[in-house]
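# Secondary and tertiary structure notes
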Amino acid sequence: MGQLIGDLLADALAEKASAAELATVLARQEPGIARDELVELANVLERFVQDLPRAIEALSSLTKTPGLGRSVGFALGNVLLYVLDDDDLFDDTEMGAAGLLDDAYLVQACFGALRAAFPQLELPQGYEPPDARAIAAVRSLLPGGVGDALDQTCENLVRVAAALFAGDAQPAAAPSLRPSLRVHEALGALARDTHVAAPTP
């Protein structure tokens, strides 16, 4: 599925995700900035958006990782629901390739959250994600709070995946994400209601 979606996106982006088009969108958003001042940013955004299909394919390949594949698949599946939703943050008709910036950022945030939780995940051979400078530029470009929201979404997805498929993960993968019993909360619940009858055998 990830490979198919990546291929479809690659075909679409080949036609419209150019630095020139992205610079036009940026100039339309901020008409007071001279176009030549937008060239470097537009070039960074072109590479970032053009990377989206490869990033999806790379994440898809990680679903075959022994012991972690189901966790990766859970996170990726939910991220793809957002990527494929036409009614997300930006209107793609109006924004063109720039309308995929939130999608591309979400995929990279998913990569980051998964690798932070499961350090043993290795980048697929031949794939190099965007560098920290590019990610920071896109994060700064997105509307206020969106970067934080997308980061938090991915972190939450990975936490849920780790809890659902804890048996798959190696013990050293991410101890902070391993599920634990909330003993204090259970004792507090009993203390608050001591008149509950014991269940009938």
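Notes on the structure follow. The shown structure was predicted, so the numbers you read here are calculated from the model rather than taken from an experiment.

## Some points on the pattern of salt bridges
On inspection of all chains with the given rule, the structure shows 4 salt bridges. Residue Asp148 is joined to Arg139 by a salt bridge in which the shortest nitrogen-to-oxygen separation is 2.5 Å. Asp151 is the salt-bridge partner of Arg139, the closest N and O atoms lying 2.8 Å from each other. Of the two residues, Arg139 is situated in helix α8 (residues 132-141) and Asp151 in helix α9 (residues 146-164); the sequence distance between them amounts to 12 residues. When its relative accessible area of 31% is taken as the criterion, Arg139 is described as partly exposed. By sharing partners, the salt bridges in this structure join Arg139, Asp148 and Asp151 into a single network.

## Quick word on the packing of helix α5 (residues 69-83) against helix α7 (residues 101-117)
Look at α5 against α7: their axes get within 10 Å of each other, and the N-to-C directions meet at 170°. As far as their axial angle goes, α7 and α5 are roughly antiparallel. Note that α5 runs across α7; the crossing there is right-handed. Within the contact between the two elements, α5 uses Ser71, Val72, Ala75, Val79, Tyr82 and Val83 and α7 uses Asp102, Asp103, Leu106, Val107, Cys110 and Leu114.

Definitions and cut-offs
Residues numbered from 1 in each chain as written. Predicted model: local features only at pLDDT ≥ 70, side-chain atom pairs only at ≥ 80, totals over all residues. Heavy atoms only, no water. Salt bridge = Lys/Arg side-chain N within 4 Å of Asp/Glu carboxyl O. Helix = DSSP H or I, 4+ residues; strand = E, 2+ residues; numbered from the N terminus. Buried < 20%, exposed > 50% of the residue type's maximum accessible area, 1.4 Å probe, protein only. Axes fitted to C-alpha atoms, helices over the stretch in contact; angles between N-to-C directions. Parallel < 35°, antiparallel > 145°, perpendicular 65-115°, else oblique. Left-handed = near helix turned anticlockwise from the far one by under 90°. Contact = heavy atoms within 4.5 Å.

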